[in-house]
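Coordinate inspection notes
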Amino acid sequence: MRIRRLLAALFATAALAGLGLTTAATATAASLTPGECEQGGGTVDWATNTCKGGQFAGQMVD
């Protein structure tokens, strides 16, 4: 029984650590490439360096 609890705690810790890493990775991706904007169905507005329309509307483009 003790081993089962230990394994459950290890799996829960690993799952939470993985969730933290994926959240941090998505939070740092603030700007898009022109290709990502176009793949999302938008077009790049070079005057304002933003993606217009599509999935990433309003996000900054590098």
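Here's what I pulled together on the structure shown here. (Residues numbered from 1 in each chain as written. Predicted model: local features only at pLDDT ≥ 70, side-chain atom pairs only at ≥ 80, totals over all residues. Heavy atoms only, no water.)

**Points about the overall build of the protein**
The number of helices and strands found in the protein is two helices and two strands. Per-residue burial over the protein gives 13% buried out of 62 residues. Restricting the contact set of the protein to residue pairs at least 6 apart, pairs at least 24 apart contribute 24%. Element-wise, carbon and sulfur atoms account for 65% of the exposed surface of the protein, whose accessible area totals about 4,800 Å². (Helix = DSSP H or I, 4+ residues; strand = E, 2+ residues; numbered from the N terminus. Buried < 20%, exposed > 50% of the residue type's maximum accessible area, 1.4 Å probe, protein only. Contact = heavy atoms within 4.5 Å. Areas by Shrake-Rupley, 256 points an atom, 1.4 Å probe, with all protein chains shown as cover.)

**Notes on the nonpolar core**
Ranked by size, the top nonpolar core spans five residues in total: Leu32, Cys37, Val44, Cys51 and Val61. Excluding anything up to four places from it in sequence, Val44 contacts Pro34, Cys37, Thr50 and Val61. (Core = buried A, V, L, I, M, F, W, Y, C linked by side-chain atoms within 4.5 Å.)

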